[in-house]
Structures are given as C-alpha cells and as structure tokens.
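Structural features, examined
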Amino acid sequence: MDVYLDNSATTKVLDSVKDLMVETFVSDYGNPSSMHQKGMDAENYIKDARNIIAKLLKAEEKEIIFTSGGTESNNLALIGAALANQRAGKHLITSCIEHPSVRNVMKYLEENGFCVTYLSVDKNGMVDLKMLTEAIREDTILVSIMYVNNEIGTVEPIEEIANRIKQKNPKILFHVDAIQAFGKYRIYPKRIGIDLLSVSGHKIHGPKGSGFLYIRSGVKIRPILLGGGQQKGIRSGTENVAAIAGLGQAAKEAYQNFEQKIERLYQLKERFVKGIEKIEGTYIHGFSERCSAPHIVSVGFLGVRSEVLLHALEEKGIFVSAGSACSSNKTAESITLKGIKAAKEYLDSTLRFSFSVFTTEEEIDYCLSVLQELLVVLRRYARK
C-alpha cells in the first residue's frame, strides 16, 4: 500500500491535465510565436489558460505572466520590482520564515545595495504586525510576505498586512508568495491590495515547471530574462505551451466544487491531528485548527531523528517530508522551526504531512497506526 502524504512538495497530475498536455505534444505542437495556423493553435492554449486564471483572480488577462514555476515567479517579482523602483528607495521588508526562493533573493538584493528588514514571527508563525508597521520607512519600496507557510501551514493575515502597508504608503508594492495558498483559498489580489502574486502549477495537480506571476496593471517591473520579447517583454522565451495548458486546466479544476474539497481536506486533517495527539511524545507546530491551511500538518517526534523516521515510514509505503522539499541541502535545519523558536529537541525531529484530494481516510488511519508501531521501536533503539 502506497500512501503519499507529501503533497506540499508536489502533487499527482490530474488525468485531464495529462491529456491536454499530450495534445500539445503530438497535435498542436507549433511555436506560439509563429504566424501560421499551427502557431495560432498553440497560442490558443496560452490564451485559454490566461483567461481561466484571470477570471479566478478577478484580474485582467494582461496581468498574468507565465513562468517556469514558483521560484522564477518569486525571483521575477522581487528582483524585477526592486530594480525597477530603486530610485524611490532601496528598503525591502520580508519575514524570517519565507521560502528559500524569497529568502535567498533578498540576500542577493542585500549584496547588491538593498537593505532588508526581516520580521520576526510568534510561536505559531504569525508575522508581528506591530513590527511590520514600525519597519516601514520613507525609502521602503517592497514588502514580501507568504500567504501560507510551506512547512507548518500558518496562514498569514494578508489583508491586514496589505491595509497597514497601504495606509503608511500606497506606493509600496506588496508581493505575496501564494504557492501553498492558491487552490486552497479564493484570492482576489486587487480587492485585498496585493500588487504581485506568485503561484506554482505542480502544487495544484498541474505539471512541474509551470507557474505564473500576477502583476497588477501599472506596477513597474524589470525583466530578468531578455530575449525575443514574448509576454510583453516581461518574460522572454518561447512559451512552454504544454505546461501552461496543464496549469490552466489544473487551476480550473482546483476551484470546481471548491467548498466541498476544502471541507474534506479539513476533515482529513482533523482526523490526523486527533490521532497524532494520542501518540506520546508528539508536538504539532503552529496552529492545528481551521485557522491554518487545510492540507499541512507539521509534527515533532520526541527522541527520533526526522530522517530516520522518514525512511522507516518509507519502508512501510508512506511518503512524507522532513520540512521543505525545495532545497538541495536536505540536512539543513528548518528556518521556519528556528523562526518560531521551536524547542531544540524538535529541530531535527520533525516531519511534514500534507494531503490532497486523492488522500483517503484509510490512508490517514494506516499512517497513524504505523507511526505508533514505529515510534515504540525507534525510541527504544535511540535510548540504547
């Protein structure tokens, strides 16, 4: 029995997404920039995907730029906006628990003359709003805060953050990494006050290597890829038609029967949390209630190294993650767990369990029973 509980790392591609992508590979394979019919047929897939996503966000089609995924979207948003607006100032604000594709970009910008303020968070991963308000300066040009933390599932108060930023200075740009939030929440950037929004396709049952960046109309941004001028010159390069088509289809299906899907995810999460709470020596990081994301649970297991437990679960056919899967350095301690000041004994003893529409109650129950069995053995071994 294979039980895949690592959906925050990546998700299974929907059959409808796969079928649509195959069409672009074997039938409508033209270059979307070509002027002949094959090119126009390919371009139509891009137009359809852009239309789907724009409607979901209540945005304009011209505000959607397709990318190779969340990392590129975050890079384009942060570097592009910082460089385009640096005459107004060089001060940026972010949190101490951002994804590496934001955190490392901020470090890069610091190395190139920008000043970055890193906001602290509380034990549940919530950004300090008072610190945010006090951190905004006359030369602040950009704030970047994630919507949902990818490790512990904390949902940041994005609308309140936007209000505080815009009250201080309406010209400050607000970027939101929504890679774990899109498909789990209805997000309307203009209504909330978001200027830049990053999304990845493979987190919502779309293909890897797909994503988009919402750029509010009127926002100045400098391209970081130069070439043939595709996508209004903001993101040059022949568009990945298959990935874009798949992303559009995945986004469309993510919001079909939306309330029922989210309710079911919360029910699975609650079932899992109740089971975890019955196991001795466990600790759930962040919120476990419905104020947190419906698909993520981060659990510390006292006395057992995360890597050991991860592979023990794998031998039983259960696949989970030791925090973020988006780093090549698998042994590095979690920035998020450090940021929430998790107890030292949990820094290397925490696993992330993440669910999807394909997860079943039987899989949850199987995982819980296996955990109970393994922990008895592994803890006994660890004490020797």
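Residues numbered from 1 in each chain as written. Predicted model: local features only at pLDDT ≥ 70, side-chain atom pairs only at ≥ 80, totals over all residues. Heavy atoms only, no water.

**Here we look at the overall build of the protein**
Heads up, the condition is: Secondary structure follows DSSP: runs of H or I at least 4 residues long count as helices, runs of E at least 2 residues long count as strands, and numbering of each begins at the N terminus. Restricting the calculation to C-alpha atoms gives the radius of gyration, and the globule rule supplies 2.2 Å times the number of residues raised to the power 0.38. Per-residue accessibility, obtained with a 1.4 Å probe over protein chains only, is compared with the maximum for each type, and a residue is labelled buried under 20%, exposed over 50%, and partly exposed between these values. Contacts: residue pairs with any heavy atoms within 4.5 Å of one another. In these tables, accessible area is a Shrake-Rupley quantity obtained with a 1.4 Å probe, and a residue counts as shielded only by the protein chains included in the view. Charge counting follows a simple rule: Lys and Arg are positive, Asp and Glu are negative, and His as well as the terminal groups are ignored. Working definition for charges: the position is that of NZ of Lys, CZ of Arg, CG of Asp or CD of Glu.
Scanning the protein from terminus to terminus reveals twelve helices and twelve strands. Over its C-alpha trace the protein gives a radius of gyration of 21 Å, about what one expects of a compact globule, namely 21 Å for 384 residues. Within the protein, the proportion of its 384 residues that are buried is 57%. Intrachain contacts of the protein at a sequence separation of at least 6 include 74% that bridge at least 24 residues. If you sum the accessible surface of the protein, you get close to 17100 Å²; carbon and sulfur atoms cover 51% of it. Within the protein, one finds 49 positive and 46 negative side-chain charges whose respective centroids are separated by 3 Å.

**Quick notes on the sheet that holds strand β9 (residues 282–285)**
Rules: DSSP bridges decide pairing: two strands pair if at least two such bridges lie between them. A fitted line through C-alpha atoms serves as each axis, taken over the contacting stretch for helices, and the angle formed by two N-to-C directions is quoted from 0 to 180°.
Spatially, three strands are ordered β9-β10-β12 in an open sheet, and the strand pairing comes out antiparallel. In this open sheet, the two strands that pair with only one neighbour each are β9 and β12 (350–354). This sheet shows a mean twist of 30 degrees between the axes of neighbouring strands, independent of strand direction. Note: β9 against strand β10 (residues 296–301), four bridges, orientation antiparallel. Paired with Thr-282 across the strands is Phe-301, a residue of β10.

**Remarks on the pairing of strand β7 (residues 196–200)**
Of all the five residues making up β7, five are buried; the element is thus mostly covered by neighbouring parts of the structure. Every second residue of β7 is oriented toward a common face, with Leu-196, Ser-198 and Ser-200 on one face and Leu-197 and Val-199 on the other, all of them buried. Where β7 meets strand β8 (residues 211–215), five bridges bridge the pair, whose relative direction is antiparallel. Looking across to β8, one finds that Ser-198 is bridged to Leu-213.

**What about the sheet that holds strand β2 (residues 64–67)?**
One open sheet accounts for seven strands, arranged β2-β8-β7-β6-β5-β3-β4; its pairing is mixed. Sheet topology places β2 and β4 (115–119) at the edges, where each strand pairs with a single neighbour. Strand-to-strand, the axes of this sheet are offset by a mean angle of 20 degrees, without reference to chain direction. Bridging between strand β3 (residues 91–95) and β4 involves five bridges; their strand directions are parallel. Across the sheet, the residue bridging to Ser-95 is Leu-119, located in β4.

**A few points about the pairing of β2**
Along any regular strand the residues' side chains alternate between the sheet's two faces. Side chains Ile-64 and Phe-66 of β2 all project onto a buried face; the interleaved residues Ile-65 and Thr-67 project onto the opposite face, where all are buried too. Pairing of β2 with β8, which is carried by four bridges, proceeds in the antiparallel orientation. Bridging from a neighbouring strand, Ile-65 pairs with Leu-213 of β8.

**Focus on the side chain of Asp-28**
Convention followed: By convention in these notes, a salt bridge is any Lys or Arg side-chain nitrogen within 4 Å of a carboxyl oxygen on Asp or Glu. Two N or O atoms form a polar contact when they lie within 3.5 Å of each other; inside protein one atom must be a possible hydrogen donor and the other a possible acceptor, and for residues adjacent in sequence the pair counts only when both atoms belong to side chains.
Along the chain, Asp-28 falls in the loop between α1 (15–26) and α2 (37–57). Look at Asp-28: it is buried, it has no salt bridge, and the nearest opposite charge is Lys-38 at 4.8 Å. Here the side chain of Asp-28 touches Tyr-45 through a polar contact of 2.4 Å, side chain to side chain. When neighbours within four sequence positions are excluded, Asp-28 is seen to be in contact with Glu-23, Asp-41, Ala-42 and Tyr-45.

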